[in-house]
2 protein chains.
Amino acid sequence: MAKFVLSVLVENKFGVLARVSGLFSARGFNISSLAVGETEDPEVSRMTIVVEADAKILDQVKKQLNKLIDVIKVQDLTGEDLIARELVIIKISAANTKNRESIIKIAETTGADVADVGKKTITIEETGDEHKINALVELLRPYGVVEMVRTGKVALQSE
Amino acid sequence: MAKFVLSVLVENKFGVLARVSGLFSARGFNISSLAVGETEDPEVSRMTIVVEADAKILDQVKKQLNKLIDVIKVQDLTGEDLIARELVIIKISAANTKNRESIIKIAETTGADVADVGKKTITIEETGDEHKINALVELLRPYGVVEMVRTGKVALQSE
């Protein structure tokens, strides 16, 4: 099982997300991340799907995706030269002054932003490739992660 | 129909995305955006779902979500004080020098980053709330959007 990145343009209609994700789950493929949002055309959404799959069976899935009525285009971005980014928001426990200072220092040195400062927590946001996001999460983890949300990868082909 | 923001913690297992999105599509609710990615626990993913729905029927959907075997927690973040962000990558046509300069100027003044410069295109990335992202897209649209991908909203409650 390897990791693949698919970019799927779909009509912005109800049910398309369920049908697309159903194609993967029917084969026991785990979707590592999925992001679906608007494109330049309000009628069209783009899904970026990272999936662990067997290459041969994934080829079948791609063919079936192309046959779905609301699917406009399927691009396999795996191994392409990509502009790939993720976004993370991470709320860290920061009950004492020493920890607060250390957490803000980590944000500064990694280029992350402080999104919110509360009485008991500090919330950090960061955008970057998967490696950069993972590194930030590992630096912050020892302070205690209260909550965290990641978008999953979005990507376009580099020109 | 109003817009709602749900944050759903799920077991990171195949099929859960299809089951969750199926609950919405079965009622004809359109998912405006959905982002699913890892959390602090590798066994658990967090979905952030923006959905246009009828409030009364959405309550039923939330109850049914809570009953799904791989759903750990459902939070309705609608109307809460949120740290909400989206990420966009947008590839703009930039065939002539004048346009190239204007596009880079827009990136500078809005705080967006230039992610890639090609012979015919410039790719810009930006993180912010929906309003900020929409404003950037409108500024860049006149130059010609070649491709665009958005993550959809991710959000955590502010402390």
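Residues numbered from 1 in each chain as written. Chains lettered and ligands numbered in written order. Predicted model: local features only at pLDDT ≥ 70, side-chain atom pairs only at ≥ 80, totals over all residues. Heavy atoms only, no water.

Novice: Got a minute to help me understand the layout of surface pockets in this structure?
Specialist: Over the atoms rolls a probe the size of a water molecule, and its path tells where empty space is left. The computed volume of the largest pocket comes to approximately 280 Å³. Along the walls of the largest pocket sit 22 residues, with A:Glu38, B:Glu86, B:Glu130, B:Asn134 and B:Arg150 positioned nearest its centre. Where the lining of the largest pocket is concerned, the elements lending two or more residues are strand E2 (30–38) of chain A together with strand E1 (2–11), strand E2 (30–38), helix H4 (130–140) and strand E8 (145–150) of chain B. The element contributing the most residues to the lining of the largest pocket is H4(B), with four residues. Of the voids in this model, the second largest pocket is the one considered here, and its volume is about 240 Å³. Secondary-structure elements contributing two or more residues to the lining of the second largest pocket are strand E7 (121–128) of chain A together with strand E7 (121–128) of chain B. Broken down by element, the lining of the second largest pocket gets its largest block of residues, four residues, from E7(B). Partitioning the lining of the second largest pocket into residue classes produces one nonpolar, five polar and nine charged. (1 Å grid on protein atoms, 1.4 Å probe; cavity = no way out; pocket = protein on both sides within 12 Å on 5 of 7 lines; lining within 4 Å. Points joined across faces, edges and corners; volume = space filled by probe spheres on them. Helix = DSSP H or I, 4+ residues; strand = E, 2+ residues; numbered from the N terminus. Nonpolar A, V, L, I, M, F, W, Y, C, P; charged D, E, K, R; others polar.)

Novice: Quick question: what am I supposed to make of the domain arrangement of chain A here?
Specialist: Interface size is often expressed as the accessible area that is lost when the parts come together. Residues and elements named next belong to chain A. Assigned domains of chain A: these are domain 1 (2–80) and domain 2 (83–157). Of note, the centres of domain 1 and domain 2, computed from C-alpha atoms alone, are 28 Å apart. In total, domain 1 and domain 2 occlude about 660 Å² of area from one another, counting both sides; carbon and sulfur atoms represent 59% of this. Of all residues in domain 1, Ala35, Thr48 and Leu77 give up the largest surface area on contact with domain 2, accounting jointly for 44% of the area buried on that side. Here domain 1 and domain 2 share zero salt bridges between them. Taken together, the links from domain 1 to domain 2 amount to two residue pairs in polar contact (both at pLDDT 80 or more). Secondary-structure elements contributing two or more residues to the side of domain 1 that touches domain 2 are strand E1 (2–11), E2 and strand E3 (44–53). (Domains from an automatic or database assignment. Buried area = accessible area lost by both parts, 1.4 Å probe. Salt bridge = Lys/Arg side-chain N within 4 Å of Asp/Glu carboxyl O. Polar contact = N/O pair within 3.5 Å; in protein donor to acceptor, adjacent residues only side chain to side chain.)

Novice: Which parts of the structure should I look at to understand the interface of chain A and chain B?
Specialist: On the side of chain B, 56 residues touch chain A, which itself brings 56 residues to the contact. For the pair chain A and chain B, the two sides together bury roughly 4,700 Å², of which 55% comes from carbon and sulfur. Of all residues in chain A, A:Glu40, A:Leu156 and A:Glu159 bury the most surface against chain B, accounting for 14% of the area lost on that side. Connecting chain A to chain B are four salt bridges. Note that B:Arg46 is salt-bridged to A:Glu147, the shortest N-O span being 3.5 Å. Residue assignment for the side of chain A that touches chain B shows that the elements contributing at least two residues are helix H1 (16–25), E2, E3, strand E5 (82–93), strand E6 (113–117), E7, strand E8 (145–150) and strand E9 (154–157) of chain A. Among the elements that make up the side of chain A that touches chain B, the one with the highest residue count is E2(A) (nine residues). In terms of residue class, the side of chain A that touches chain B is made up of 20 nonpolar, 21 polar and 15 charged. (Contact = heavy atoms within 4.5 Å.)

Novice: Whenever I open this one, helix H3 (residues 97–110) of chain B confuses me. Can you help?
Specialist: Since one α-helical turn is 3.6 residues long, residues separated by three or four positions face the same way. All names here are of chain B. With 14 residues, H3 extends 20 Å from end C-alpha to end C-alpha; this agrees with the ideal 20 Å at 1.5 Å per step. Burial in H3 covers these residues: Arg100, Ile103, Ile106 and Ala107. All buried residues of H3 project into a common sector of 125° when viewed along the axis, lining one side. Away from its buried face by more than 90 degrees, H3 exposes Thr97, Lys98, Glu101, Lys105, Glu108 and Thr109. Among the structural elements, strand E5 (82–93), strand E6 (113–117), E7 and H4 are those in contact with the buried residues of H3. Of the residues flanking the start of H3, the one acting as N-cap is Asn96, its side-chain oxygen 3.1 Å from the backbone nitrogen of Lys98. (Expected span 1.5 Å × (residues − 1). Buried < 20%, exposed > 50% of the residue type's maximum accessible area, 1.4 Å probe, protein only. Arc of directions from axis to C-beta.)

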